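In case you want the letters, here they are:
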Amino acid sequence: MRQKIFEWYSRESVQKFLIKISENREVVPVFQNSFGRRPDVLQFPADIMQSVAEGAVSFHASLERWNNPMQLKAGITKEQLDALRIGWDILIDPDVNDFEIAKLVTMEIIEAFKDHGVKSYSVKFTGGKGFHIAIPFEALPEKINFQETRILYPEILQKTIEYLKWYVRESLREKILEIDNPINIAKRVGKNLEEIVSEEGIEPFKIINMDVFGLRHLFRLPYSLHEKTLLVSLPIKPEKIEKFEKEDALPENVKVSEGFLEKKSSFCDAEALIVEALDWAAKHGIEVKQVIEEVVTLRRKIKKIPEEFFPPCIKKILNGLNDGRKRSVFILINFLRNMGWDFESISKKLEEWNEKNYPKLRGNYLRIQLRWHARQERNILPPNCDNENFYISIGVCEPDETCSEKKIKNPINYPFKKLKLKRKIKR
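Criteria and cut-off values
Along each chain, the written sequence defines residue order, and numbers are assigned to residues from 1. Totals for whole chains, interfaces and linings use all residues, but because this is a predicted model, local features are given only for residues with pLDDT of at least 70 and pairs of side-chain atoms are given and counted only at 80 or more. Only hydrogens and water are set aside when side-chain values are computed; all heavy atoms of the structure are taken into account. A run of DSSP states H or I qualifies as a helix once it reaches four residues; a run of E qualifies as a strand once it reaches two. Both are numbered from the N-terminal end. To sort residues, take the accessible area from a 1.4 Å probe on protein chains only and compare it with the maximum for the residue type: under 20% means buried, over 50% means exposed, and anything in between is partly exposed. By definition, residues are in contact when any of their heavy atoms lie within 4.5 Å. Here the accessible surface of atoms and residues is derived via Shrake-Rupley with a 1.4 Å probe, and residues count as covered only by protein chains that are part of the display. Pairing between two strands requires that DSSP report at least two bridges joining them. To estimate the expected span of a helix, count its residues, drop one, and scale the result by 1.5 Å. Starting at the helix axis, one direction is taken to each C-beta atom, and the arc is that of these directions. We define a polar contact as two N or O atoms separated by no more than 3.5 Å, with the added condition that, inside protein, one atom must be a possible hydrogen donor and the other a possible acceptor, whereas residues neighbouring each other in sequence contribute only through side-chain atom pairs. For every element, the axis is a line fit to its C-alpha atoms; helices are fit only across the contacting stretch, and the angle between N-to-C directions ranges from 0 to 180 degrees. Small angles under 35 degrees read as roughly parallel and large ones over 145 as roughly antiparallel, with 65 to 115 read as roughly perpendicular and the rest as oblique. Left-handed is the label given to a crossing in which the near helix is rotated counterclockwise from the far helix by less than a right angle, and right-handed is the label when the rotation is clockwise. When the centres of two rings from Phe, Tyr and Trp lie within 6.5 Å, Trp using its six-membered ring, the rings pair. Their planes under 30 degrees apart give stacked, over 60 give edge-to-face, and anything left gives tilted.

J.: Explanation requested: the overall build of the chain in the structure shown.
T.: Broken down by element type, the chain carries 18 helices and 13 strands. Each principal axis of the C-alpha distribution contributes one length, and for the chain these read about 70 × 55 × 45 Å. When burial is assessed residue by residue, the chain has 51% of its 427 residues classed as buried. Restricting to contacts in the chain with at least 6 residues of sequence separation, those with at least 24 account for 76%. For the chain, the exposed surface amounts to about 21600 Å²; the carbon and sulfur share of it is 49%.

J.: Quick question: what am I supposed to make of the pairing of strand 2 (residues 58-62) here?
T.: Put simply, side chains in a regular strand alternate between the two faces of the sheet. Across the five residues of strand 2, five count as buried, placing the element largely inside the fold. Two elements, strand 1 (residues 27-30) and strand 2, share four bridges in a ladder whose sense is antiparallel. Looking at the pairing, Val30 lines up with Ser58 of strand 2. As paired elements, strand 2 and strand 12 (residues 218-220) share three bridges and run antiparallel to each other. From the neighbouring strand, His60 faces strand 12, where its bridge partner is Arg220.

J.: Any chance you could explain helix 14 (residues 343-356) here in plain terms?
T.: Since the α-helix advances by 3.6 residues per turn, residues separated by three or four positions end up pointing in the same direction. For helix 14, which comprises 14 residues, the first-to-last C-alpha distance of 20 Å matches the rise-based estimate of 20 Å (1.5 Å per residue) to within 8%. Restricting attention to buried positions, one finds in helix 14 the residues Ser345, Ile346, Lys349, Leu350, Trp353 and Asn354. Projected down its long axis, helix 14 shows its buried positions confined to an angular sector of 165°, all on one face. Exposed residues on helix 14 whose side chains face more than 90 degrees from its buried face are Glu344, Lys348, Glu351 and Glu355. The backbone nitrogen of Glu344 lies 3.3 Å from a side-chain oxygen of the residue at the head of helix 14, namely Asp342.

J.: Got a minute to help me understand the packing of helix 13 (residues 325-338) against helix 14 in this structure?
T.: The description of two helices packed together rests on the angle between their axes and the distance between the axes. In the contact formed by helix 13 and helix 14, the axes pass within 10 Å of each other and the chain directions differ by 150°. In terms of their interaxial angle, helix 13 and helix 14 are classed as roughly antiparallel. With respect to the hand of their crossing, helix 13 and helix 14 are arranged in right-handed fashion. The residues of helix 14 that touch helix 13, namely those facing Arg325, Ser328, Val329, Leu332, Ile333, Leu336 and Arg337, are Phe343, Ile346, Lys349, Leu350 and Trp353.

J.: It is not clear to me how the packing of aromatic side chains should be interpreted in this structure. Could you clarify?
T.: Two numbers describe a pair of aromatic rings. These are the distance of the centres and the angle of the planes. Per the stated rule, a full pass over the model turns up 18 aromatic pairs. Seen from their ring centres, Phe99 and Phe125 are 6.0 Å apart, and the 75° between their planes marks the pair as edge-to-face. A residue pair is termed long-range when its members are at least 10 positions apart, and Phe99 in helix 5 (residues 99-115) and Phe125 in strand 6 (residues 122-125) qualify at 26 residues. Note on accessibility: Phe99 and Phe125 belong to one class, buried. Taken together, a centroid distance of 6.5 Å and an interplanar angle of 55° make the contact between Phe99 and Phe244 tilted. Here the residue Phe99 occupies a position in helix 5, and Phe244 occupies one in the loop between strand 13 (235-236) and helix 10 (271-284), the gap between them amounting to 145 residues. You'll find Phe99 and Phe244 in the same group, each marked buried. Pairwise contacts between aromatic rings join Phe99, Phe125, Phe131 and Phe244 into one cluster.

The structure is reproduced here in structure tokens:
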């Protein structure tokens, strides 16, 4: 696998594209189970290959463009971000567990763009379940209501996404029903029938998740590999969406040819879309969410979370193990670090835990692992819950009601759900 990743990013055409589109963007290497240090940038091919040598599989970049991305920091305010921002792109990211429906919604959004006179749109396969549809900042008007457009993020993007959901809702409902009946559609997307229908019939955006983004949101760069599938996040021509198959994005089948986020008109061709979206939002009282992505502020906000809020898998590991002890060291260090524990507390807890293991790990092994993690500036996430090489194979995955009801994807999510529930009960 590592050889395949190395060969892909060694291609000169891939390096050139990634460097070009990364200009003025925050770019973060993505490993199999975690994101790299933020902020970071890509400026030279050597930056790409260094990250790959350290284990990077994918590269994600900011929708926002910055005067100096390296001035971004945890806990930065909206006003400070506005001062640094020089632009931002529109990105639509429909998420649905059915590839044919993903194609449908992508084509409907493109038709909506055409209806509003937008020509400068791009499409790419994400490398995973669906597609990204994007419009570059250059296609937007320079000012909106006498304010510079560059500072109106994410307000304008959020209102545009909500408007597009409203605009394509009826036509998308008809197209989905042409694929299959509601009962089978529910099965295809892994939901109950009651979850996807209302009195008006099937609800497209209960099938498709088209979330709005917060500040410093990242997206997978075009011609980057997907960190799980190792498929290429591949720009494609809009007319080829219907016949596109995931096998087309295998690295050995891909040539760097199609662009992404390129302006295709001599004027601001997305202006009519923005005007209509803002008018619609004003009439419907759409509220704007002012959110800085959780990954930016998480380390600053967290205080040490006690063990009573830990998920069942972590508690079971802490009871001692006969097998999977080295894998559990990786899990525990990264879990506890994300729970706001300092390295002195983590070291003490690991020593207590090792006394319960049979046989015990060598003390030197624990110290080496702790020293290595202490040198890492970034917080690494523990593996996701569905990673069979960890919790399941070690034999500690025993989900409780919180795991099931809250659809926990990573152990670090569990304590925050429990704390939120505790505060709610207290109120």
